[in-house]
Amino acid sequence: MAAAQDPSLFLGFDFSTQQLKVVAMDESLSVVHQSNVHFDSDLPEFRTRGGVHVHADRLTVTSPVLMWVKALDMLLDKMKEAGFDFSRVKALSGSGQQHGSVFWTRGASETLKNLQPDQSLETLLQDSFSVPASPVWMDSSSRKQCDALQEAAGGALRLAHITGSTAYERFTGNQIAKVRATRPEEFQKTERISLVSSFAASLFLGGYAAIDYSDGSGMNLLDIRSRSWSQICLEAVSPQLDLLLGDPKPSSSILGPVSSYFVQRYGFSESCRVVAFTGDNPASLAGMRLQQGDIAVSSYCLPPNSREVKAVESDTVFLWIADPRPALQGHVFCNPVSEQAFMALLCFKNGSLTRERVRDQCAGASWEPFSAALRDTPLGNGGNIGFYFDSQEITPPAVGVHLFDPQDVQVCSFSPQVEVRSLVEGQFLSRRLHAERLGYSIIPGTRVLATGGASSNNEILQVLSDVFNAPVFTLDVSNSACLGSAYRALHGLSAESGASFFDVVKNAPEPQLVAAPHPEAKEVYDQMLQRYARLEERVLQKSRP
Ligand SMILES: O=C(CO)[C@@H](O)[C@H](O)CF
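Quick caveat, the model's predicted, so the values are computed rather than measured.

Conventions and cut-offs
- Residues numbered from 1 in each chain as written.
- Predicted model: local features only at pLDDT ≥ 70, side-chain atom pairs only at ≥ 80, totals over all residues.
- Heavy atoms only, no water.
- Helix = DSSP H or I, 4+ residues; strand = E, 2+ residues; numbered from the N terminus.
- Rg over C-alpha atoms; globule rule 2.2 N^0.38 Å.
- Buried < 20%, exposed > 50% of the residue type's maximum accessible area, 1.4 Å probe, protein only.
- Contact = heavy atoms within 4.5 Å.
- Near = heavy atom within 4 Å.
- Polar contact = N/O pair within 3.5 Å; in protein donor to acceptor, adjacent residues only side chain to side chain.
- Areas by Shrake-Rupley, 256 points an atom, 1.4 Å probe, with all protein chains shown as cover.
- Nonpolar A, V, L, I, M, F, W, Y, C, P; charged D, E, K, R; others polar.
- Phe/Tyr/Trp six-rings, centres within 6.5 Å; stacked < 30°, edge-to-face > 60°.
- Lys NZ or Arg CZ within 6 Å of the ring centre and 35° of its normal.
- Axes fitted to C-alpha atoms, helices over the stretch in contact; angles between N-to-C directions.
- Parallel < 35°, antiparallel > 145°, perpendicular 65-115°, else oblique.
- Left-handed = near helix turned anticlockwise from the far one by under 90°.
- Expected span 1.5 Å × (residues − 1).
- Core = buried A, V, L, I, M, F, W, Y, C linked by side-chain atoms within 4.5 Å.
- Domains from an automatic or database assignment.
- Pairing = 2+ DSSP bridges.
- Salt bridge = Lys/Arg side-chain N within 4 Å of Asp/Glu carboxyl O.
- UniProt positions renumbered as here; feature names shortened; annotations may be inferred.

## Focus: the overall build of the protein chain
Link 1 in the chain: From N to C terminus, the protein chain includes 21 helices and 24 strands.
Link 2 in the chain: The C-alpha atoms of the protein chain give 23 Å as radius of gyration, which agrees with the globular expectation for 545 residues (24 Å, within 12%).
Link 3 in the chain: For the protein chain, with 545 residues in total, the buried portion stands at 62%.
Link 4 in the chain: Counted over contacts in the protein chain with a minimum sequence separation of 6, partners at least 24 positions apart contribute 73%.

Here is the structure:
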């Protein structure tokens, strides 16, 4: 039991694709405990690969919801065995992989309200789900439902204007429509539909937790400006769908006290508060403490069995957006730490793997000659520009390698050194172009936060700094979603009294400055960006069927 002088703790959970993680943070924002349960290796009875099941059609991808339930049993038991004092936890929050959906069967709310502390959650909830295999974000089997939703909304761009994204197969509204069409009996038995994030919050709450605005923005169902369900979209998916979803809530909401189940089974304090859970990417934005004008560029690796079947290392770009513009590429979500702002996410499939392919072909498979090529070639690369879409690109939907000389004439090859710079400049020009199309603006004070594999090469970071004409910082984000959730748990206790998230976490560790733009960078790349946009349109024309 906590002694009065023991500092309070805040927990941040992340129900990600491959594992369940948790960090415990004290009031000085220091991480004092962390733990995880890896689905494939710690729960082999569920026989997942990368935390998922890829079905025979290679399009349907699901995860067993009871695996997530049992993982929480295991994680809390591990913490208890390690002597973690749950009574010191003042608030908890968390995140979940975005877009995934959990279907609670009729009567499950009573089960949640009456959890018996002498039994595991897995035992208690084993019959609580009408759809045992939850659709997850790597699923791409709902194209038909996407087309129907876009038509109902008045077209792709109209849907993007309402919900922040055009229709994407992984987005929850389309997945719900598919379950309703293909599993009508199970859908009929469903009394509540959660996201992975709000499902996890429901376990701690002992009742159905609201979907938060930010993760709810990843469903193609929420009007991101009114922050309420879009009736057009709901109707297109299922009549009275709002009764199954419940009303969405601000991401900083205190949902209630932790369930008595956790008080009696693990020693949580009765006063421990549950703060709304959100999506893993919004939680990461909170963990990185991204602010207006900032852009985070990260390279991460999709699980080896993701729908491309092989490990695909792609780049994601997180943006803080004040005034979003609807676009055919990328996603705009309600901001998880500012009620008025938004965040955007852009995914570029041809990231690290493409950099490694050019390193192998043009720099003797070594990063040192690759870096030397960047040092020895001029900003703007003498006007040479390249597009490197080794595999079908997401942003924009194009494929192939397309090289252009200073006169915009397409050429077959560049010298190795020019090729290296052409690749790196081209990738970062693409990130800047599509970020600005979504409404991102480079403003005085803009910071570029580099994370993931690409953040370890200073010459690559120098090009990133030049293209954005902004300083580049690196920070360790290995636990950014968990950390962001712990930050949000702390902030949730004072949000209602008007405290800003950034005030609450202002003493968190600062990112490290690693690169500053050359004086001539702005002039070179502002002009080059216009050329890049024109040439990208030519590449897209060639890629369209
Ligand atoms: O689909 C995604 C974002 O739109 C992924 O980043 C998932 O959130 C990963 F869990």
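The discussion continues.
## Points about the site of the ligand
Link 1 in the chain: Around the ligand, the neighbouring residues are T17, Q97, Q98, H99, W137, R170, D280, N281 and L345.
Link 2 in the chain: A distance of 2.8 Å separates an oxygen atom of the ligand from a polar side-chain atom of R170.
Link 3 in the chain: Residue D280 places a side-chain N or O atom 2.8 Å away from an oxygen atom belonging to the ligand.
Link 4 in the chain: Summarising the interface, the protein chains cover 92% of the accessible area of the ligand, which totals 290 Å² for the free molecule.
Link 5 in the chain: By residue class, the composition of the shell around the ligand is two nonpolar, five polar and two charged.

## Some points on the side chain of S134
Link 1 in the chain: On the secondary structure map, S134 appears in strand β8 (residues 133-135).
Link 2 in the chain: At a separation of 2.8 Å, a polar atom in the side chain of S134 contacts the main-chain carbonyl oxygen of S101.
Link 3 in the chain: Other than its neighbours up to four places away in sequence, S134 contacts V61, T62, S63, V65, W68, S101 and V102.

## A closer look at unusual backbone geometry
Link 1 in the chain: T395 connects to P396 through a cis peptide bond whose omega is 0 degrees.
Link 2 in the chain: Inspection of the secondary structure assignment puts P396 in the loop between β19 (385-389) and β20 (400-404).
Link 3 in the chain: For N381, which is not glycine, the phi dihedral falls at a positive 55 degrees.
Link 4 in the chain: Following the sequence through the fold, N381 ends up in the loop between α16 (367-376) and β19.
Link 5 in the chain: Overall, the relative accessible area of 2% leaves N381 in the buried class.
Link 6 in the chain: The residue D408 is not glycine, and still its phi comes out positive at about 65 degrees.
Link 7 in the chain: Here D408 is to be found in the loop between β20 and β21 (410-411).

## A closer look at the packing of aromatic side chains
Link 1 in the chain: As enumerated under the stated definition, the model contains 23 aromatic pairs in all.
Link 2 in the chain: An angle of 85 degrees between the planes, with centres 6.1 Å apart, marks the rings of F262 and F268 as edge-to-face.
Link 3 in the chain: Judged by relative accessible area, F262 falls into the buried class, the value being 0%.
Link 4 in the chain: Counting every residue linked through ring pairs, the aromatic cluster contains F13, F84, F86, F204, Y261, F262, Y266, F268 and F277.
Link 5 in the chain: For the cation-ring pair, R227 lies above F342, with the distance from its terminal atom to the ring centre recorded as 5.2 Å.
Link 6 in the chain: Just above the ring of F348 sits the side chain of R431; from NZ or CZ to the centre is 4.2 Å.

## Some thoughts on the packing of helix α17 (residues 416-437) against helix α18 (residues 458-468)
Link 1 in the chain: Here α17 crosses α18 at 45 degrees, and the two axes come no closer than 9 Å. Considered as vectors, α17 and α18 are oriented oblique to each other. In terms of crossing hand, the pair formed by α17 and α18 is right-handed. Two secondary-structure elements touch here, α17 through R421, V424, E425, F428, L429, R431 and R432 and α18 through I460, V463, L464, V467 and F468.
Link 2 in the chain: Of the residues assigned to the contact of α17 with α18, the class counts are eight nonpolar, no polar and four charged.

## Regarding helix α2 (residues 65-81)
Link 1 in the chain: Along its 17 residues, α2 runs 25 Å from first to last C-alpha, staying within 8% of the 24 Å computed at 1.5 Å per residue.
Link 2 in the chain: Buried within α2 we find V65, M67, W68, V69, A71, L72, D73, L75, L76 and M79.
Link 3 in the chain: G83, located one to two residues past α2, shows a positive phi value of around 85 degrees.

## Focus on the nonpolar core
Link 1 in the chain: If you look at the biggest cluster of nonpolar residues, it comprises 82 residues, and the most contacted ones within it are L221, L245 and L319.
Link 2 in the chain: With nine residues, the top contributor of residues to this core is helix α21 (residues 521-543).
Link 3 in the chain: The residue makeup of this core includes at least three contributed by each of domain 1 (9-282) and domain 2 (352-440 + 522-543).
Link 4 in the chain: Sequence-distant contacts of L245, defined by excluding residues within four places in its chain, comprise I176, R192, I193, I211, M219, L221, W229 and L234.
Link 5 in the chain: One finds L9, M67, V69 and F86 within the second-largest nonpolar core, a separate group that totals 57 residues.

## Looking at the sheet that holds β20
Link 1 in the chain: Strand order in the open sheet formed by three strands is β19-β20-β21, with antiparallel pairing between adjacent strands. Every interior strand has two partners, whereas the edge strands, β19 and β21, have only one.
Link 2 in the chain: Here β19 runs beside β20; their pairing, made up of five bridges, is antiparallel. Looking at β20, one finds that F387 is bridged to H402.
Link 3 in the chain: The strands touched by α17 are β19 and β20; relative to β19, the strand with the most contacts, the crossing angle is about 70 degrees.

## Looking at the pattern of salt bridges
Link 1 in the chain: A complete count under the given rule lists 20 salt bridges for this structure.
Link 2 in the chain: K70 is paired through a salt bridge with E45; the nearest N and O atoms lie 2.7 Å apart. On the criterion of sequence distance, the pair formed by K70 in helix α2 and E45 in the loop between α1 (39-42) and β4 (53-54) is long-range, its members being 25 residues apart.
Link 3 in the chain: For the salt bridge of R432 with D526, the shortest nitrogen-to-oxygen distance reads 2.8 Å. With R432 in helix α17 and D526 in helix α21, this residue pair connects regions lying 94 residues apart in the sequence.
Link 4 in the chain: What makes D526 partly exposed here is its relative accessible area of 23%.

## Comments concerning α16
Link 1 in the chain: Those residues of α16 that fall on the buried side of the exposure criterion are F370, S371, A372, A373 and L374.
Link 2 in the chain: Buried residues belonging to α16 abut α15 (352-362), α17 and α18.
Link 3 in the chain: Two or three places before E368, at the start of α16, stands the capping residue S366, its side-chain oxygen 3.2 Å from that residue's backbone nitrogen.

## Comments concerning the domain arrangement of the protein chain
Link 1 in the chain: Along its sequence, the protein chain is organised into domain 1 (9-282) and domain 2 (352-440 + 522-543).
Link 2 in the chain: Each of domain 1 and domain 2 was reduced to a C-alpha centroid, and the two centroids are 38 Å apart.

## Looking at the UniProt feature "domain: Carbohydrate kinase FGGY N-terminal" (unreviewed entry) in the protein chain
Link 1 in the chain: Under the UniProt annotation, the feature "domain: Carbohydrate kinase FGGY N-terminal" (unreviewed entry) is placed at residues 136-287.
Link 2 in the chain: Taken end to end, residues 136-287 is 50% helix and 12% strand, and its first and last C-alpha atoms sit 23 Å apart.

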